[in-house]
Amino acid sequence: MKNPTQRSIKWLSVAILFFATLSVVFIYFQMINQLWLNPEPQRVVWNPDKLAWQIFIIAGRFIGVTILYLLCVIFLVRTNRSLKNGVIFPKSNIALIRWAALVTVLVTFVRSNYADVMQGGTNSVLDSNTLFVPLAVLLFAGLYKMAYLTAKDSNLAI
């Protein structure tokens, strides 16, 4: 990696992975505490009538955060690998961003219901972020696709 921009992207990717890892570890630690380690009044309140809902939300948070983290790692690895080959925008990242938008629907829905589920509540909430955030991610997927097509067209012109 001789180009300073490529080195900058590499170190930015390392920083993103570091902070993403810290965030995921914090979320896992918080969930483990709420499920098993906290004193009894601070643990999850299991509601026998809504047990399946509570398990869905808790498992959805764990699975959603894990999948988003893995998609981020794959995105950064593909980007850095393609930069070494002289490709700025790898085409495979377009589908990856679209999958991230789909997973973001689950993550934002779970996040809006998580606090209530931990307290044994029976209400479910459909927040505006459940639709807005995935649409924003899809917008970025479209912009990334346009950048890919522009870079491809630019390479053909040369």
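Owing to the predicted nature of the structure, the values given are computational and were not obtained by experimental measurement.

A. Summary view of the overall build of the chain. Within the chain, the secondary structure is distributed over four helices and zero strands. Reading the chain from its N terminus to its C terminus gives the helix and strand order α-α-α-α. Scaling as 2.2 N^0.38, a compact globule of 158 residues should have a C-alpha radius of gyration of about 15 Å, whereas the chain reaches 20 Å, well beyond that. In terms of overall dimensions, the chain has a C-alpha envelope of 65 × 30 × 20 Å along the principal axes. The buried share among the 158 residues of the chain stands at 32%. Here the chain displays about 10,400 Å² of accessible surface, and carbon together with sulfur accounts for 69% of that area. Across the chain, the centroid of the 14 positively charged side chains sits 23 Å from that of the 5 negatively charged ones.

B. How the structure looks around the packing of helix α1 (residues 4-37) against helix α2 (residues 51-84). At a minimum axis distance of 10 Å, the contact between α1 and α2 shows a crossing angle of 170°. If you check the angle between α1 and α2, you find them roughly antiparallel. Of the residues that constitute the contact of α1 with α2, the class distribution is 17 nonpolar, six polar and two charged.

C. Just the packing of α2 against helix α3 (residues 92-118), in detail. Running from N to C, α2 and α3 point in directions that differ by 150°, and their axes come no closer than 8 Å. With respect to α3, the axis of α2 lies roughly antiparallel. Judged by the twist between their axes, the crossing of α2 over α3 is left-handed. Of the residues that constitute the contact of α2 with α3, the class distribution is 22 nonpolar, eight polar and two charged.

D. Looking closely at the nonpolar core. By size, the foremost hydrophobic cluster in this structure holds 13 residues, and its most contacted members are M31, V44, I57, I58, Y114 and M118. When residues no more than four places from it in sequence are discounted, the contact partners of M31 are I58, R61, F62 and Y114. Within the second largest apolar cluster, twelve residues are counted, among which are I97, A101, V107 and Y148.

E. Local environment of the packing of aromatic side chains. Summed over the entire model, instances satisfying the criterion amount to six aromatic pairs. For the cation-ring pair, K10 lies above W11, with the distance from its terminal atom to the ring centre recorded as 5.6 Å. Between R61 and the ring centre of Y114, over which it is positioned, the NZ or CZ distance is 4.2 Å.

F. View of the layout of surface pockets. As a volume, the largest pocket reaches approximately 590 Å³. Lining the largest pocket are 21 residues, and of these V65, L68, Y69, C72 and V107 sit closest to its centre. Of all the elements in the fold, those that place two or more residues in the lining of the largest pocket are α1, α2 and α3. Here the residues of the lining of the largest pocket are counted per class, giving 17 nonpolar, two polar and two charged.

G. Representation of the side chain of T79 in the model. With respect to the secondary-structure elements, T79 resides in helix α2. A distance of 2.8 Å separates a polar atom in the side chain of T79 from the backbone oxygen of F75.

H. Spotlight on a nonpolar patch on the surface. Taken together, the side chains of F29, I32, W36 and L37 make up a nonpolar region of the molecular surface, amounting to roughly 470 Å² of accessible area. If you trace the backbone, F29 turns up in helix α1.

I. α3, seen in detail. Under the 1.5 Å per step criterion, the end-to-end length of α3 is 38 Å for 27 residues, consistent within 8% with the ideal 39 Å. Of all the bends in α3, the greatest measures close to 35° and is centred on S112. Remark: G120 follows α3 within two positions and exhibits a positive phi of approximately 80°.

J. Fine view of the environment of V24. Locating V24 in the fold gives a position in helix α1. Judged by relative accessible area, V24 falls into the buried class, the value being 10%. Those residues in contact with V24 that sit more than four places away from it in its chain are V65 and Y69.

Rules and cut-offs
- Residues numbered from 1 in each chain as written.
- Predicted model: local features only at pLDDT ≥ 70, side-chain atom pairs only at ≥ 80, totals over all residues.
- Heavy atoms only, no water.
- Helix = DSSP H or I, 4+ residues; strand = E, 2+ residues; numbered from the N terminus.
- Rg over C-alpha atoms; globule rule 2.2 N^0.38 Å.
- Buried < 20%, exposed > 50% of the residue type's maximum accessible area, 1.4 Å probe, protein only.
- Areas by Shrake-Rupley, 256 points an atom, 1.4 Å probe, with all protein chains shown as cover.
- Lys, Arg positive; Asp, Glu negative; His and termini not counted.
- Charge placed at Lys NZ, Arg CZ, Asp CG, Glu CD.
- Axes fitted to C-alpha atoms, helices over the stretch in contact; angles between N-to-C directions.
- Parallel < 35°, antiparallel > 145°, perpendicular 65-115°, else oblique.
- Nonpolar A, V, L, I, M, F, W, Y, C, P; charged D, E, K, R; others polar.
- Left-handed = near helix turned anticlockwise from the far one by under 90°.
- Core = buried A, V, L, I, M, F, W, Y, C linked by side-chain atoms within 4.5 Å.
- Contact = heavy atoms within 4.5 Å.
- Phe/Tyr/Trp six-rings, centres within 6.5 Å; stacked < 30°, edge-to-face > 60°.
- Lys NZ or Arg CZ within 6 Å of the ring centre and 35° of its normal.
- 1 Å grid on protein atoms, 1.4 Å probe; cavity = no way out; pocket = protein on both sides within 12 Å on 5 of 7 lines; lining within 4 Å.
- Points joined across faces, edges and corners; volume = space filled by probe spheres on them.
- Polar contact = N/O pair within 3.5 Å; in protein donor to acceptor, adjacent residues only side chain to side chain.
- Patch = residues over 30% accessible without salt bridge, like charges linked within 9 Å, V, L, I, M, F, W, Y side chains within 5 Å.
- Salt bridge = Lys/Arg side-chain N within 4 Å of Asp/Glu carboxyl O.
- Expected span 1.5 Å × (residues − 1).
- Bend = angle between axes of the 7 residues up to and from the residue.

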